[in-house]
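Architecture and fold: a report
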Amino acid sequence: MSTDRGPATDRFDRPLGDLRISVTDRCNFRCVYCMPREVFGPGFEFLSRSELLTFEEIHRLAGIFVDLGVDKIRLTGGEPLLRRDVDQLVGMLAGLAGLSDLTMTTNASLLPRKAEALRAAGLRRITVSLDALDDDVFRAMSDVKVPVSTVLDGIRAASEAGLSPVKVNMVVKRGANEDQILPLAEYFRGSGHILRFIEFMDVGNSNGWRMDDVVTAREIRDTVDARWPLEPLDPNYTGEVANRYRYRDGEGEVGIIASVTRPFCGSCTRARITANGELFTCLFSGTGHDLREPLRAGASDEELRAMIRGIWERRADRYSELRSRATVDLPRVEMSRIGG
Ligand code: SAM
Ligand code: SF4
Ligand code: SF4
């Protein structure tokens, strides 16, 4: 039953627990599975500055989400480190009482310069995306000239700044980078950092997704296990999206995120806000709920809280569980807007 106090819960009894905030829709990479250059080329219209939520607006909304049950916030994009002075936003969010986790997902190209400031501002952890150790494969995936060494420098800088262990996300796409599973596993084994393999997902409408291009979690696990035997680990907490494994020889752990072959909608507690203030209750939604308009029209905290609670209470999303049904073949928001 709906009340105006306490945590918000949706139609499947899933509480609101995590908030992902996209701080920009721009990116300096053009990953083929996210922002293919044919679509996100020179003519593409990104959001203008006035359309972006200001830091004050983000901070205010984040506080309301915390009131409604959110205790983890992740900053994302586009590339979040392209947003000017993003460390100031980190500092503002770090001051929110009730938050147990504040983190960021980044391609790390600017991390060597920014890790210290982020940590000093109060960032607690960081996730870095890295799809290959080989420069040619990396370039084919990211479609930019940034070398792998820059990303590795970024991971090192984050670690030295105290944002350790770093989580490293590798999206695996068949025919593109599956030959990089073992090199990346080898590189991060024993490093203290946690490599996580992610099944290629059908987010958005522009990445040409086909089921045939998905290297399944099972294939990934078998590939690693055949080289360095693995054993399953218990989740760190209920609803953890990665299936965790440890190397039997004690060289650390890896995770596999099976969004396609083993959907986890049943425990999905994530809300997402785009850089222009639209609330999405599922990564695969076609439309969001505009929070910027009421925010700028002078809505009070109570009004915004009631609005967000109402949206969450009506939530019945479970796209990944329904993926195979024809009824879900509808327009979807792009990953670079919603932020993963
Ligand atoms: N630019 C930052 C980065 O790449 O880390 C943050 C935004 S990015 C959209 C967030 C995450 O989504 C990245 O780890 C990226 O690899 C992942 N991602 C993007 N498109 C994906 C897809 N089609 N399937 C699976 N993961 C995807
Ligand atoms: Fe940019 Fe991240 Fe998307 Fe790659 S995955 S294009 S780095 S937003
Ligand atoms: Fe959550 Fe939607 Fe992904 Fe299911 S498909 S896990 S509801 S974001």
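What you are looking at is a predicted structure, and each value in this text was computed from that prediction instead of being measured.

Helix and strand counts for the protein chain come out as 11 helices and 12 strands. The globule rule puts the C-alpha radius of gyration for 340 residues at 20 Å, and the 19 Å found for the protein chain is close to it. Taken over the C-alpha atoms alone, the protein chain extends approximately 55 × 45 × 45 Å along its principal axes. For the protein chain, with 340 residues in total, the buried portion stands at 55%. Within the protein chain, counting contacts between residues at least 6 apart in sequence, those at least 24 apart form 72% of the total. Of the roughly 15,000 Å² that the protein chain leaves accessible, carbon and sulfur atoms contribute 48%.

Time to look at the site of ligand 1. In the vicinity of ligand 1, 19 residues are found, and the nearest of them are Tyr33, Gly78, Thr105, Ser129 and Met201. Within the backbone of Tyr33, an N or O atom sits 3.2 Å from a nitrogen atom of ligand 1. Side-chain polar atom of Asn207 to a nitrogen atom of ligand 1: 3.2 Å apart, as the coordinates give it. Here ligand 1 loses 94% of its free accessible area of 540 Å² to cover by the protein chains.

In this section: the sheet that holds strand S8 (residues 243–247). Within the open sheet, the 12 strands sit side by side as S7-S8-S9-S6-S5-S4-S3-S2-S1-S10-S11-S12. Their pairing is mixed. Edge positions in the open sheet fall to strand S7 (230–232) and strand S12 (289–290), since each of these has one partner strand only. Sheet analysis places strand S10 (residues 270–273) next to strand S11 (residues 278–280), joined by 2 bridges and oriented antiparallel. For Arg272, the partnering residue across the bridge sits in S11 and is Phe280.

With that settled, consider a negative patch on the surface. Among the surface-exposed residues, Asp134, Asp135, Asp136 and Asp179 lie close enough to one another that they form a single negatively charged patch. Along the chain, the position of Asp134 falls in the loop between strand S4 (127–129) and helix H4 (135–142).

Here the focus is the side chain of Thr103. With respect to the helices, strands and loops of the structure, Thr103 is situated in strand S3 (residues 101–106). Residue classification places Thr103 among the buried residues on the basis of a relative accessible area of 2%. Of the polar contacts made by the side chain of Thr103, one reaches the backbone oxygen of Arg125; its length is 3.0 Å. Those residues in contact with Thr103 that sit more than four places away from it in its chain are Ile73, Arg74, Leu75, Leu123, Arg125, Ile126 and Thr127.

Each turn of an α-helix holds 3.6 residues, which means side chains three or four residues apart point in the same direction. Among all positions in helix H7 (residues 217–227), only Ala217, Ile220 and Val224 are buried. Down the axis of H7, the buried side of the element spans an arc of 70 degrees, and every buried residue falls inside it. Of the exposed residues in H7, the ones pointing more than 90 degrees away from its buried face are Arg218 and Ala226. Packed against the buried residues of H7 are strand S5 (167–172), helix H6 (181–188), strand S6 (194–199), S7, S8 and strand S9 (253–257).

This brings us to H6. Residues of H6 that are buried include every one of Ile181, Leu184, Ala185 and Phe188, and no others. Down the axis of H6, the sector holding all buried residues measures 100 degrees, keeping them to one side. Structurally, H6 contributes buried residues whose contacts are with helix H5 (148–160), S5, S6, H7 and S8. Directly after H6, the chain includes Gly190, whose backbone phi takes a positive value near 75 degrees.

Looking along a regular strand, one sees the side chains alternate between the two faces of the sheet. Both S7 and S8 contribute to a ladder of 3 bridges, which runs antiparallel. By the bridge assignment, Pro232 is partnered in S8 with Tyr245. With 4 bridges joining them, S8 and S9 adopt antiparallel strand pairing. For Arg246, the partnering residue across the bridge sits in S9 and is Glu253.

Lining the immediate surroundings of ligand 3 are Phe264, Cys265, Cys268, Arg272, Cys282, Leu283, Phe284, Arg315, Asp317, Tyr319 and Ser320. A breakdown of the residues in the shell around ligand 3 according to their chemical character gives 7 nonpolar, 1 polar and 3 charged.

A few words now on the side chain of Glu334. Within the element layout of this structure, Glu334 appears in the loop between helix H10 (319–322) and helix H11 (335–338). Glu334 sits in the buried class, given a relative accessible area of 16%. For Glu334, the side chain forms a polar contact with the main-chain nitrogen of Asn205, separated by 2.9 Å. When near neighbours in sequence (up to four residues on either side) are disregarded, Glu334 contacts Cys34, Phe40, Gly204, Asn205 and Ser206.

Reading guide: rules and limits
- Residues numbered from 1 in each chain as written.
- Chains lettered and ligands numbered in written order.
- Predicted model: local features only at pLDDT ≥ 70, side-chain atom pairs only at ≥ 80, totals over all residues.
- Heavy atoms only, no water.
- Helix = DSSP H or I, 4+ residues; strand = E, 2+ residues; numbered from the N terminus.
- Rg over C-alpha atoms; globule rule 2.2 N^0.38 Å.
- Buried < 20%, exposed > 50% of the residue type's maximum accessible area, 1.4 Å probe, protein only.
- Contact = heavy atoms within 4.5 Å.
- Areas by Shrake-Rupley, 256 points an atom, 1.4 Å probe, with all protein chains shown as cover.
- Near = heavy atom within 4 Å.
- Polar contact = N/O pair within 3.5 Å; in protein donor to acceptor, adjacent residues only side chain to side chain.
- Pairing = 2+ DSSP bridges.
- Patch = residues over 30% accessible without salt bridge, like charges linked within 9 Å, V, L, I, M, F, W, Y side chains within 5 Å.
- Salt bridge = Lys/Arg side-chain N within 4 Å of Asp/Glu carboxyl O.
- Lys, Arg positive; Asp, Glu negative; His and termini not counted.
- Charge placed at Lys NZ, Arg CZ, Asp CG, Glu CD.
- Arc of directions from axis to C-beta.
- Nonpolar A, V, L, I, M, F, W, Y, C, P; charged D, E, K, R; others polar.

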